[in-house]
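# Remarks on the overall topology
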Amino acid sequence: MNAEIALDIQGLSKTYRNKRGIDDITLQVARGDVYGFFGPNGAGKSTVMKIIAGLIKPDRGHVRLFGHDVGDQYELAMSQAGVLIEKAEAFEYMSGRRNLELAARLYPGLPKTRIDEVLELVGLAASGREKVGHYSLGMKQRLGIACALVSKPKLLILDEPTNGLDIESMVEVRELIKRLAAQERTTFFVSSHLISEMEMICNRIGILHEGKLIREGGMAELLQESGQSLETYFVAQLRIEREGARHESAAVQYH
Ligand SMILES: Nc1ncnc2c1ncn2[C@@H]1O[C@H](COP(=O)(O)OP(=O)(O)OP(=O)(O)O)[C@@H](O)[C@H]1O
């Protein structure tokens, strides 16, 4: 077991009844990485995220968090991870602080000061006593991240954390991720369908297309390879994939 590997995904596959899903995903996230899990809508990001969080089971493969298998050591595996899948849900009639206190009850050993610390970290110190119902979407999303952060996890798994947010709120969430990576040395596994966003916050990226991981690498390396923007690079990769698939199906027809 390598202690420096926060998230280890090996040969992960899941096929839904409609034949869609994910196929043989293998990737690793090292401690300190902000890893961007990029793919267009329907590529399979949420499926992978849900398997990591133990919400659905894979057909094959396994996920380890800090060396512990999510399948058979779930609590140990999750003890050092915080997860936010899609939209953050909170009790709207309670204050942000109260919501955080409820989340903190799951971790009896936490010092009382952690609530203030986390409110400060996500920029909600001044509005912690306001009802969540009065929060903007960006504030609600930051509260969701705060709840995932309250146990001081070493790894945060965020599925499309900026989805549905306006530009100002997107910037807030992005800045928060960058701040946490720098200040708390939190490792991130973040999914998004916006490549420009990945470019701004991640040091590594995995590109998912129709359930398959088609490319993985350091952001600087991919940017250098692409010569221009990641967007141009991604479109070129997709064309290569589609060409490959066309040749394969032509070969099958020929034989
Ligand atoms: N419960 C399900 N039953 C059947 N098909 C599903 C189910 N969940 C997802 N799919 C299909 O599997 C594929 C991958 O979906 P998934 O939600 O993982 O993709 P995604 O990359 O997260 O996309 P999005 O950004 O749109 O959420 C899609 O084609 C989707 O329609």
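The shown structure was predicted, so the numbers you read here are calculated from the model rather than taken from an experiment.

### A word on the site of the ligand
- Not every one of the 13 residues close to the ligand is listed here, only the nearest: Arg20, Gly42, Gly44, Ser46 and Thr47.
- Contact between the ligand and asparagine 41: an oxygen atom at 3.1 Å from a side-chain N or O atom of the residue.
- Contact between the ligand and lysine 45: an oxygen atom at 2.9 Å from a side-chain N or O atom of the residue.
- Within the complex, the protein chains bury 65% of what would otherwise be the 630 Å² of accessible surface of the ligand.
- Looking at the shell around the ligand residue by residue, the classes come out as three nonpolar, seven polar and three charged.

### Focus on the layout of surface pockets
- Taken as a whole, the largest pocket holds about 460 Å³ of empty space.
- Every residue lining the largest pocket is counted, 21 residues in all, and those nearest its centre are Val83, Leu106, Tyr107, Cys147 and Ala148.
- At the level of elements, helix H2 (74–78), strand S6 (81–85), helix H3 (96–104) and helix H5 (137–149) are the ones that each hand at least two residues to the lining of the largest pocket.
- A total of five residues in the lining of the largest pocket trace back to one element, the largest contributor, which is S6.
- For the lining of the largest pocket, the class distribution of residues is 15 nonpolar, four polar and two charged.

### Digging into the packing of aromatic side chains
- Taken as a whole and judged by the stated rule, the model has three aromatic pairs.
- Taken together, a centroid distance of 6.1 Å and an interplanar angle of 55° make the contact between phenylalanine 91 and tyrosine 93 tilted.
- Judged by relative accessible area, which is 56%, tyrosine 93 ranks as exposed.
- Ring pairs connect the aromatic residues Tyr35, Phe37 and Phe189, which therefore count as one cluster.
- The lysine or arginine in question, lysine 154, covers the ring of phenylalanine 66, its NZ or CZ lying 5.7 Å from the ring centre.

### Topic: the pattern of salt bridges
- Going through the model one piece at a time under the given rule, you end up with eleven salt bridges.
- A salt bridge links arginine 64 to aspartate 8, with the nearest nitrogen and oxygen atoms 3.9 Å apart. With arginine 64 in strand S4 (residues 60–65) and aspartate 8 in strand S1 (residues 5–15), the pair connects residues that are 56 residues apart, well separated along the chain.
- A salt bridge links lysine 45 to glutamate 160; the nearest nitrogen and oxygen atoms lie 3.7 Å apart. In this pair, lysine 45 sits in helix H1 (residues 45–52) while glutamate 160 sits in the loop between strand S7 (155–159) and helix H6 (167–183), placing the two residues 115 residues apart along the sequence. Both residues of the pair, lysine 45 and glutamate 160, belong to the buried class.
- Shared partners join several salt bridges into a network, and the residues in it are Arg114, Glu117 and Glu184.

### Overview of helix H4 (residues 113–121)
- If you check which residues of H4 are buried, you get Arg114, Ile115, Val118, Leu119 and Leu121. The arc enclosing the buried residues of H4, seen along the axis, measures out at 160°, which places them on a common side. Looking at H4, the residues exposed on the side facing more than 90 degrees away from the buried face are Thr113 and Glu120.
- The inward-facing, buried residues of H4 abut H3, H5 and H6.
- At the C-terminal side of H4, glycine 123 shows a positive phi close to 75°.

Analysis parameters
Residues numbered from 1 in each chain as written. Predicted model: local features only at pLDDT ≥ 70, side-chain atom pairs only at ≥ 80, totals over all residues. Heavy atoms only, no water. Near = heavy atom within 4 Å. Polar contact = N/O pair within 3.5 Å; in protein donor to acceptor, adjacent residues only side chain to side chain. Areas by Shrake-Rupley, 256 points an atom, 1.4 Å probe, with all protein chains shown as cover. Nonpolar A, V, L, I, M, F, W, Y, C, P; charged D, E, K, R; others polar. 1 Å grid on protein atoms, 1.4 Å probe; cavity = no way out; pocket = protein on both sides within 12 Å on 5 of 7 lines; lining within 4 Å. Points joined across faces, edges and corners; volume = space filled by probe spheres on them. Helix = DSSP H or I, 4+ residues; strand = E, 2+ residues; numbered from the N terminus. Phe/Tyr/Trp six-rings, centres within 6.5 Å; stacked < 30°, edge-to-face > 60°. Buried < 20%, exposed > 50% of the residue type's maximum accessible area, 1.4 Å probe, protein only. Lys NZ or Arg CZ within 6 Å of the ring centre and 35° of its normal. Salt bridge = Lys/Arg side-chain N within 4 Å of Asp/Glu carboxyl O. Arc of directions from axis to C-beta. Contact = heavy atoms within 4.5 Å.

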